[in-house]
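Chain residues, written in single-letter form:
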Amino acid sequence: MPKTASMFRQAGWLFLAAPFFGVSTGALFPLVALELNRLGFGEALVGSVTSLYYAGSITGALTYGWVLNRVGYKVAFIAMATLAGAATFALTLFDNPFVWLGLRFVGGYALGGYYIVVDSWVPALGTRQTRGRLFAGFETLRLLATAIGPSLLIVGATTTSFTLVAIGYAVSFVPALFNNAPNPKAKDGSHSGSIASLARCFPLALAVAFCGGIANASFYGLSAVYAKALGFDTVQIALFVGIVLIAPAIIALPVGALADRYGRMPVAMLIAGFSFLACAFVSLVYPTSFWVVTVAGVIASGFLGPLYVLGLSRIVDAVGEQDVIQAATAGLLAYSTGALFGPIAVGFAMEWVGPSGLYVFLGGVASLATLLALADMHLSLCCPEGKEIVHG
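Note that the coordinates shown come from a computational prediction; the quantities given were computed from them, not determined experimentally.

Enquirer: For this particular structure, what's the right way to read the overall build of the protein?
Expert: Scanning the protein from N- to C-terminus turns up 15 helices and zero strands. Per-residue burial over the protein gives 51% buried out of 392 residues. Taking the contacts inside the protein whose residues are at least 6 apart along the sequence as the reference set, 87% of them involve residues at least 24 apart. Total accessible area on the protein is roughly 16,400 Å²; 71% of this is exposed by carbon and sulfur atoms.

What follows is the structure, encoded as structure tokens:
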């Protein structure tokens, strides 16, 4: 117990850093869109800016591990936070659309780097017995902070609001400086496996994380469209979207505790199964009651959201701290790929089937995740859950 308490104290400084970055990220999306609109640019540019942001994020996920390997967690965190703050503040200095495109790519790169740092640092602080709770707690705090971010809109899309966001990014690294946990650097030749080898060894766990990316991005992007198609008014739409998007943050905590006790993939199979039942209910019954739809959405979204954490934790459990950076990179790429293509596929499903196409498609994702988790439990290619790879 003392060792577990010490581990949570060490991670506490990272938990304190998460709200600064999360609030800033959550605020910047609507602020950028509103400012571009004020400057007279159309939806095409707004869409292009958003796409370049995610392109930068994927680039960061692919390359920032190299930086992290060489400078360690703290320096990598400081560099990423400083870059995010500088790119955000620079938006107040220019109104040229091409400059904005470049700056949002840089901001996206910083986000990808941030995820690589924290999604490897937090799991590395835990053990197989505590990693689920630790990672789930961090994810909960991160999601809640991101949800709070748009409240900065009360300041308006002004230089002040952009400056506040930039400051939030820049100071986010300060709490991490007080973390007295080990700050290891990877030494040349210390890695036993590349990202490609991890993908070959843990394709099923990465596919589970991929399903989590599909679900989160699809609900985030199209839940409001679904609610509007049902005839909900503006207040109901806002309430529905807010509850459905916050649900994964709340559900992640008990899911993490269960995963520590019973294993990552058994719990992934269980929660994906619950989500499938909720999706099937909405698809077949087609409810219109606000609270029935909301409860079903909470179950469907809330139980698919933690799949990323479970898939990544499954890999980290097996590879240990030695390859945690590669594991985080592989998991984040799987999640980001799902987040990139999921909303597109759901959009077509809703056009073909109608509003319930959201749940028809996600019911298929949930059933796939259930089968993937079951397969990993019995058909693991190189390291069954509960075992750890022996590094030579």
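Enquirer: Which parts of the structure should I look at to understand helix α5 (residues 131-148)?
Expert: One turn of the α-helix equals 3.6 residues, which is why residues spaced by three or four share an orientation. With 18 residues, α5 should cover 26 Å at 1.5 Å per step; its first-to-last C-alpha distance of 26 Å lies within 8% of that length. Listed in full, the buried residues belonging to α5 are R131, G132, L134, F135, A136, G137, F138, E139, T140, R142 and A145.

Enquirer: Where do I start with the pattern of salt bridges in this structure?
Expert: Scanning all chains against the criterion turns up six salt bridges. We note a salt bridge from E139 to R142, for which the minimum N-O separation is 2.3 Å. Residue E139 and its partner R142 are both found in helix α5; the two are separated by three residues, about one turn of the helix. One salt bridge in this structure joins R314 and D376, with 2.8 Å as the shortest N-O distance. Residue R314 is found in helix α13 (residues 307-319), and its partner D376 is found in helix α15 (residues 357-379); the two are separated by 62 residues along the sequence. Across the pair, D376 and R314 agree in class, each one buried.

Enquirer: So what exactly am I meant to see when it comes to the environment of F361 here?
Expert: Position of F361 among the secondary structure elements: in helix α15. Overall, F361 belongs to the partly exposed group, its relative accessible area being 25%. Taking C-alpha positions, F361 is 9.7 Å from F348, a pair spaced 13 residues apart along the chain. The residues contacting F361, other than those within four sequence positions of it, are I214, G342, A345, V346 and A349.

Enquirer: Help me understand the layout of surface pockets in this model?
Expert: By rolling a water-sized probe across the atoms, one finds the places where empty space is left. In this structure, the largest pocket spans a volume of roughly 1,600 Å³. Of all the secondary-structure elements, those providing two or more residues to the lining of the largest pocket are α1 (2-38), α2 (43-71), α4 (97-125), α5, α9 (203-229), α10 (234-262) and α14 (324-353). Residue classes in the lining of the largest pocket are distributed as 29 nonpolar, 12 polar and three charged.

Enquirer: Would you mind showing me how to read the packing of aromatic side chains here?
Expert: Given two aromatic rings, one states the distance between the centres and the angle between the planes to describe the pair. As enumerated under the stated definition, the model contains 19 aromatic pairs in all. An angle of 5° between the planes, with centres 5.1 Å apart, marks the rings of Y73 and W121 as stacked. Placement of the pair is Y73 in helix α3 (residues 73-90) and W121 in helix α4, with a sequence separation of 48 residues. Side by side, Y73 and W121 carry an identical accessibility label, which is buried. Here the aromatic rings of F219 and Y359 are separated by 5.9 Å at their centres, their planes lie at 65°, and the arrangement is edge-to-face. Pair noted here: F219 is in helix α9 and Y359 is in helix α15, with a separation of 140 residues, a long-range link. The exposure class of F219 is buried, given its relative accessible area of 1%. Look at Y359 and you get buried, because its relative accessible area is 0%.

Conventions and cut-offs
- All chains use their own residue numbering, which begins from 1 and follows the written sequence.
- Where totals are concerned, whole chains, interfaces and linings use all residues; where local detail is concerned, this predicted model gives features only for residues with pLDDT of at least 70, and gives and counts side-chain atom pairs only at 80 or more.
- The side-chain values count all of the structure's non-hydrogen atoms but skip hydrogen atoms and water molecules.
- Under the scheme used here, helices are H or I runs from DSSP no shorter than 4 residues and strands are E runs no shorter than 2 residues, and both carry numbers assigned from the N terminus.
- Summary of the burial criterion: residues with accessible area below 20% of their type's maximum are buried, those above 50% are exposed, and those between are partly exposed, where the area comes from a 1.4 Å probe applied to protein chains only.
- Any two residues whose heavy atoms approach within 4.5 Å are treated as being in contact.
- Computed with the Shrake-Rupley method and a 1.4 Å probe, the accessible areas treat only the protein chains shown as cover for residues.
- A helix is expected to span 1.5 Å for every residue after the first.
- A pairing counts as a salt bridge when a side-chain nitrogen of Lys or Arg comes within 4 Å of a carboxyl oxygen of Asp or Glu.
- Using protein atoms alone on a 1 Å grid, points that fit a 1.4 Å probe yet trap it form a cavity, whereas open point sets bounded by protein on both sides within 12 Å along at least five of seven lines form a pocket; residues with an atom within 4 Å of a point count as lining.
- Grid points are joined across faces, edges and corners, and a volume is the space filled by probe spheres set on the points.
- Three residue categories are used. Nonpolar comprises Ala, Val, Leu, Ile, Met, Phe, Trp, Tyr, Cys and Pro, charged comprises Asp, Glu, Lys and Arg, and polar comprises the others, including Gly.
- The rule is short: rings of Phe, Tyr and Trp, with Trp giving its six-membered ring, pair when the centres are within 6.5 Å, and they are stacked under 30 degrees, edge-to-face over 60, tilted in between.

Honestly, it's all geometry; don't read function into it.
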